[in-house]
Amino acid sequence: MRPDIYLVYLLLRLFSLLPLKAMHRLGDAIGRLSLALHSKAARHTAVNLKLVRPALDDTAQAALLKQTMEESGRSLTEMANIWGGGAQKALGLVREVRGLELFEAAIASGKGTIIAAPHLGCWELLNYWLCSRTPMAILYRPPRVAAVETLLRKVRGALAPEQVRAEGAGVRTLYKRLAAGGTVGILPDQKPRAGEGEFAPFFGVEALTMVLLPRLAARTGATVLFSFAERLPDGEGFRIHILPAPDGLVAADLKIACAALNRGVEQCVELAFAQYQWHYKRYSADDRPSPYSRRQQPASA
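Residues numbered from 1 in each chain as written. Predicted model: local features only at pLDDT ≥ 70, side-chain atom pairs only at ≥ 80, totals over all residues. Heavy atoms only, no water.

K.L.:
Explanation requested: the side chain of Arg 231 in the structure shown.
P.N.:
Its location among the elements puts Arg 231 in strand β8 (residues 223–231). Residue Arg 231 is classed as buried on the basis of its relative accessible area of 4%. When residues no more than four places from it in sequence are discounted, the contact partners of Arg 231 are His 24, Glu 71, Arg 74, Ser 75, Glu 78, Gly 121, Cys 122, Gly 237, Phe 238 and Gln 275. (Helix = DSSP H or I, 4+ residues; strand = E, 2+ residues; numbered from the N terminus. Buried < 20%, exposed > 50% of the residue type's maximum accessible area, 1.4 Å probe, protein only. Contact = heavy atoms within 4.5 Å.)

This is the structure:
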């Protein structure tokens, strides 16, 4: 492990000694500071909220933006508790699991299970919880800093999922695992590369949407479940949600399938709206004007 990455690990261990509530308060402060500095994350969040909640007046938009930025800050600082304290300690923060019967039935069926986990709540804790229940592979894109992978392997320990790169060989691995009745995890709201997606409505706005997940489900017959770890107030811990996939997800028409995929993400987000990663440029595409361009943004954003 590189010295700088090891230092990060030591800092995570140190901060993990603090209560989750304290780390969340620190996250609130970071989120408010980011908003006050008009950071890129704050600007992108403001654009997205105006797109998906157009009926809100300026006062309500400002309140939602502040709440969302605070939750974004919490998602950063809580990693000290999730990564720094170790997987087993982190699992002790799970207070409730809703929809557990859906997960257990899918695993017991032996037909393969696809967990669609949006950028919502604490997805790293969700990884721990899932891997504590069943061996699992996740589709991922390597971090920009390669040394970060070493840190991830260190903090995840025995509950690390098999990481499958989002490329041809990796996709074939997912098919094989599902055909054998295994479990895979995919970020369903990850913006696909050009030529690898379909446009479908997401909160009423067209967004480039992955076709991989619907294709995997249709070709393997695997059960698709949506899941996320909701952050509870006052540092109380987390609640795991498991939801069934909407109808139409395995439709032959990929536009119908992608619309269903986005509805599944929406159903999760509506349960913890401010905890979604709204700073993600979900509505950008190479062949369309970007709403995140300063020329496209209203002055108030």
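K.L.:
Explain the environment of Ala 46 to me, please; I cannot follow it from the model alone.
P.N.:
Within the secondary structure layout, Ala 46 lies in helix α3 (residues 40–52). Measuring from C-alpha to C-alpha, the distance between Ala 46 and Gly 182 comes to 39 Å, with 136 residues separating the pair along the chain.

K.L.:
Would you mind showing me how to read the pattern of salt bridges here?
P.N.:
Side chains that differ in sign of charge can pair as their charged atoms come close. Applying the stated criterion to the full structure yields 11 salt bridges. The partner of Glu 70 in a salt bridge is Lys 66, and the shortest N-O contact between them spans 2.8 Å. Placement of both Glu 70 and Lys 66 in helix α4 (residues 58–77) is noted, with a separation of 4 residues, approximately one turn of the helix. Of the charged contacts in the structure, one is a salt bridge between Glu 230 and Arg 239, with a shortest N-O distance of 2.9 Å. Judged by its relative accessible area of 12%, Glu 230 falls in the buried class. Note on Arg 239: relative accessible area 18%, which makes it buried. (Salt bridge = Lys/Arg side-chain N within 4 Å of Asp/Glu carboxyl O.)

K.L.:
Help me understand the packing of helix α7 (residues 100–109) against helix α8 (residues 123–133) in this model?
P.N.:
Packed helix pairs are specified by the crossing angle of their axes together with the interaxial distance, meaning the distance between the axes. Running from N to C, α7 and α8 cross one another at 45°; their axes reach a closest spacing of 12 Å. Comparing their axes, α8 and α7 come out oblique. The element α7 and its partner α8 pack so that their crossing is right-handed. Where α7 abuts α8, its residues Leu 100, Phe 103 and Glu 104 lie against Trp 129, Leu 130 and Arg 133. Grouping the constituent residues of the contact of α7 with α8 by class yields 4 nonpolar, no polar and 2 charged. (Axes fitted to C-alpha atoms, helices over the stretch in contact; angles between N-to-C directions. Parallel < 35°, antiparallel > 145°, perpendicular 65-115°, else oblique. Left-handed = near helix turned anticlockwise from the far one by under 90°. Nonpolar A, V, L, I, M, F, W, Y, C, P; charged D, E, K, R; others polar.)

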